[in-house]
Amino acid sequence: MFVITLTYVAPLEDVDALLAGHLEWLDRHYATGTLLASGRRVPRTGGVILARATDRAALDAVLAEDPFRREGVATYDVVEFVPTRTAPGLEGLLPAD
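Cut-off values and rules
Residues numbered from 1 in each chain as written. Predicted model: local features only at pLDDT ≥ 70, side-chain atom pairs only at ≥ 80, totals over all residues. Heavy atoms only, no water. Salt bridge = Lys/Arg side-chain N within 4 Å of Asp/Glu carboxyl O. Helix = DSSP H or I, 4+ residues; strand = E, 2+ residues; numbered from the N terminus. Buried < 20%, exposed > 50% of the residue type's maximum accessible area, 1.4 Å probe, protein only. Core = buried A, V, L, I, M, F, W, Y, C linked by side-chain atoms within 4.5 Å. Phe/Tyr/Trp six-rings, centres within 6.5 Å; stacked < 30°, edge-to-face > 60°. Contact = heavy atoms within 4.5 Å.

**Topic: the pattern of salt bridges**
On inspection of all chains with the given rule, the structure shows three salt bridges. Across the salt bridge formed by Arg44 and Asp16, the nearest N and O atoms sit 2.5 Å from each other. Of this pair, Arg44 sits in the loop between strand S2 (35-40) and strand S3 (46-51) while Asp16 is found in helix H1 (residues 12-17), placing the two residues 28 residues apart along the sequence. Between Arg28 and Glu65 there is a salt bridge, with its nearest N and O atoms 3.7 Å apart. Here the residue Arg28 occupies a position in helix H2 (residues 19-31), and Glu65 occupies one in the loop between helix H3 (56-64) and helix H4 (67-70), the gap between them amounting to 37 residues. The class for Arg28 is partly exposed, based on a relative accessible area of 38%. Judged by its relative accessible area of 33%, Glu65 falls in the partly exposed class.

**Observations regarding the nonpolar core**
Ile4, Ile49 and Phe68 are the most contacted members of the largest nonpolar core, which has 19 residues in total. Only strand S1 (2-8), H2, S3, H3 and strand S4 (74-80) provide two or more residues apiece to this core.

**Points about the packing of aromatic side chains**
Scanning all chains against the criterion turns up one aromatic pair. Judged by centre distance (5.9 Å) and plane angle (85°), the rings of Tyr8 and Phe68 are edge-to-face. Within this pair, whereas Tyr8 is found in strand S1, its partner Phe68 is found in helix H4, the two being separated by 60 residues in sequence. A single burial state applies to Tyr8 and to Phe68, both of which are buried.

**Digging into the side chain of His22**
Tracing the backbone shows His22 in helix H2. Setting aside its immediate chain neighbours within four residues, His22 contacts Leu6, Asp66, Pro67 and Phe68.

Okay, structure coming up:
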């Protein structure tokens, strides 16, 4: 599992110009099961994504398709972790082992 934080490095006008494509990218990867949760940071300086991928290389390939990354309006920080406990209802986030 991965936690990705996006940090905007361009003016919000530039980010907003790419928002429709970014949302389409999100929808596409929610449909594949790669993305599990996402949203804006507060204040609006970037975003956070929770993702599942077979490995870091596979995740990097998905992230490379994001218009925010392709156009250089955001940087990405990726942390991999293995969930071992969840709140009730989120057991699907645990590895199958």
